[in-house]
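If you want the building blocks of each chain, they are given just below.
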Amino acid sequence: MTQAPTPTADTVRRLVRSLLKESANETPGPDVRPVAEGGEHSTWWVGTRHVLRLAPDREAALRQRCELRLRDLVRPHLPVAVPTSVAHGEWAPGLTYTLDIAIPGGTAEEHDVSAVGEADLAGLLTGLREVPVRQAETLGVPRTPPRSLEALRRMAVAAAERLAAADEFDPARLHQLTPPGAAQLAAQPGAAVLAHHDLKGEHLVVSADGRVRGVLDWTGTAVGGPPPANPRGAPPVGARRGHPAEDIAGLALAVGSGAAVRAATLAGYGARPCLRGLWLARCDTVIRLTDRLEGRDDSPLQLLRTRLGRAWETILLERVTELREDPEDPEDDEEF
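Residues numbered from 1 in each chain as written. Predicted model: local features only at pLDDT ≥ 70, side-chain atom pairs only at ≥ 80, totals over all residues. Heavy atoms only, no water.

Chemist: How would you explain the pairing of strand S2 (residues 43–46) if you had to name every residue and give the values?
Modeler: Burial along S2 is one-sided: Trp44 and Val46 are buried, and none of Thr43 and Trp45, which face the opposite way, are. Sheet topology places strand S1 (residues 32–34) next to S2; 3 bridges connect them, and they run antiparallel. Note on S2: the bridge partner recorded for Pro34 is Trp44. Relative to strand S3 (residues 50–54), S2 runs antiparallel, the two sharing 4 bridges. Note that in S3 the partner of Thr43 across the bridge is Arg53. Hairpin connection of S2 to S3: 3 residues between the antiparallel strands, including Gly47 at a positive phi of 60°. (Buried < 20%, exposed > 50% of the residue type's maximum accessible area, 1.4 Å probe, protein only. Helix = DSSP H or I, 4+ residues; strand = E, 2+ residues; numbered from the N terminus. Pairing = 2+ DSSP bridges.)

Chemist: So what's going on with the nonpolar core? Residues and values would help.
Modeler: With 70 residues, the main nonpolar core has Leu121, Leu124, Leu194, Leu204, Trp218 and Val255 as its most contacted residues. Ranked by size, the runner-up nonpolar core spans 15 residues in total, among them Leu52, Ala87, Trp91 and Leu99. (Core = buried A, V, L, I, M, F, W, Y, C linked by side-chain atoms within 4.5 Å.)

Chemist: Can you tell me about the packing of helix H7 (residues 244–255) against helix H8 (residues 257–266), naming the residues and giving the values?
Modeler: The N-to-C vectors of H7 and H8 enclose an angle of 140°; their axes lie 7 Å apart at closest approach. Relative to H8, the element H7 is oriented oblique. Remark: the crossing between H7 and H8 carries right-handed chirality. Where H7 approaches H8, its residues Ile248, Leu251, Ala252 and Val255 are matched on the opposing element by Ser257, Ala259, Ala260 and Ala264. In terms of residue class, the contact of H7 with H8 is built from 7 nonpolar, 1 polar and no charged. (Axes fitted to C-alpha atoms, helices over the stretch in contact; angles between N-to-C directions. Parallel < 35°, antiparallel > 145°, perpendicular 65-115°, else oblique. Left-handed = near helix turned anticlockwise from the far one by under 90°. Contact = heavy atoms within 4.5 Å. Nonpolar A, V, L, I, M, F, W, Y, C, P; charged D, E, K, R; others polar.)

Chemist: Break down H8 for me, with residues and values.
Modeler: By the criterion of burial, H8 is predominantly enclosed, with 7 of the 10 residues buried. Lining the buried residues of H8 we find helix H3 (115–130), H7, helix H9 (271–293) and helix H10 (301–311). Following H8 by one or two positions, Gly268 adopts a phi angle in the positive range, close to 100°.

Chemist: Go over the pattern of salt bridges with me, naming the residues and quoting the values.
Modeler: Per the stated rule, a full pass over the model turns up 26 salt bridges. The shortest N-O distance in the salt bridge between Arg13 and Asp10 comes to 3.2 Å. On the criterion of helical spacing, the pair formed by Arg13 and Asp10 is a turn pair, its members being 3 residues apart in helix H1 (residues 9–19). Judged by its relative accessible area of 45%, Asp10 is partly exposed. Across the pair Glu118 and Arg262 runs a salt bridge whose closest N-O atoms are separated by 2.9 Å. Residue Glu118 is found in helix H3, and its partner Arg262 is found in helix H8; the two are separated by 144 residues along the sequence. Judged by relative accessible area, which is 46%, Arg262 ranks as partly exposed. (Salt bridge = Lys/Arg side-chain N within 4 Å of Asp/Glu carboxyl O.)

Chemist: Explain unusual backbone geometry residue by residue, including any values.
Modeler: Backbone geometry at Asp167 places phi at a positive 60°, although glycine is not the residue there. Note on placement: Asp167 falls in the loop between helix H5 (149–165) and helix H6 (179–184). Unusually for a residue other than glycine, His197 sits at a positive phi of about 75°. With respect to the element layout, His197 can be found in the loop between strand S8 (194–195) and strand S9 (204–206).

Chemist: I'd love a proper account of the environment of Leu275, names of residues and values included.
Modeler: Along the chain, Leu275 falls in helix H9. Overall, the relative accessible area of 6% leaves Leu275 in the buried class. In this structure the C-alpha to C-alpha distance between Leu275 and Leu185, which are 90 residues apart in sequence, comes to 7.3 Å.

Chemist: Lay out H10 with the relevant residues and their values.
Modeler: When we look at burial in H10, the residues that qualify are Leu304, Arg307, Leu308, Arg310 and Ala311. For H10, the angular spread of buried residues about the axis comes to 165°, placing them on one side. Contacts from the buried residues of H10 go to H7, H8 and H9. (Arc of directions from axis to C-beta.)

Chemist: Which residues make up the sheet that holds strand S10 (residues 212–215), and what values go with them?
Modeler: Across the sheet, which stays open at both edges, the 3 strands sit in the order S6-S9-S10 with antiparallel pairing between neighbours. If you trace the sheet from one side to the other, it starts and ends with strand S6 (106–107) and S10, each paired once. Summarising the sheet, S6 and S9 pair through 2 bridges and their orientation is antiparallel. Looking across to S9, one finds that Gly106 is bridged to Val206.

Chemist: Account for the sheet that holds S8, naming residues and giving values.
Modeler: The strands making up a sheet associate through hydrogen bonds between their backbones, and the pairing can be parallel or antiparallel. Strand order in the open sheet formed by 3 strands is S7-S11-S8, with mixed pairing between adjacent strands. A strand with exactly one partner marks an edge of an open sheet, and here the two such strands are strand S7 (143–144) and S8. As paired elements, S7 and strand S11 (residues 222–224) share 2 bridges and run parallel to each other. By the bridge assignment, Arg143 is partnered in S11 with Val223.

Chemist: I'd like a rundown of the packing of H7 against H9, residues and numbers included.
Modeler: Where H7 meets H9, the axes come as close as 7 Å, and the angle between the chain directions of the two elements is 55°. Considering the angle they form, H7 stands oblique to H9. Handedness of the H7/H9 crossing: right-handed. From H7, Ala245, Glu246, Ile248, Ala249, Ala252 and Leu253 reach across to H9, where they touch Pro273, Cys274, Arg276, Gly277, Leu280, Ala281 and Thr285.

As structure tokens, then:
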């Protein structure tokens, strides 16, 4: 297999000069800088008005091609902005790029989301539910079964013991989620829903006043399907999966469990998907922090600790112990 080239500032500058007329005659070229510090970069700021995203491999290129079409499909249904591409193509053989107009604002890691911003998030979750699933699948969005919360719980329990040895976490906190509780929070059969699946803080554009102005990076989007008949056929814990609870979990990591549940409640989701999202986030953060401390993850350590704190915020919803069933809409029927 041919080794993919590593994009450099010169690579980006040459590409941008060929795309933007106002940059064609600039010497030494437009100001470009990586969006994140350290490591290899696939996302670059281009001046103050554009963002260039380079697919690092062919799988990412396939997702990016799908994303370009998907953004046009979801845009009319959402109250927040979705990036618009001003140019796209290949930056290397088989490897795609998209040059997008930057959405003004910071990230959820830089600005706190206000109460009005929580309403923006509710509108986002509501809008995702309204996107035509069949059209999304026609564009190449995969349909994936939900994760096993019980399998994730077992992994988190083992990881929590190792975190306790490092004085990072009290493993007794995971005792709140029992095997029967995880079974009760298993994803219920229902209508398929589009899930962004990566609502991390860096993918939420937040203004200084706490409003959510946009959502970035739609390459991980998936359609939630029914649970598999054979549990052994479930995807690995880290696999892509589409389910509204996954977006609630993402919001718990980005803005905290309280804000995530309030936004989901405003969007019409009840106790079951909210609690499922809460525990997905909690288990994920314990596992990810353990992986980082043991050298299997290179994410910023402080970011993982911050996400752990957000996911483990105590909220009143945790006191809900009985979940009613509604045959017409079992995912959304709970009130609390």
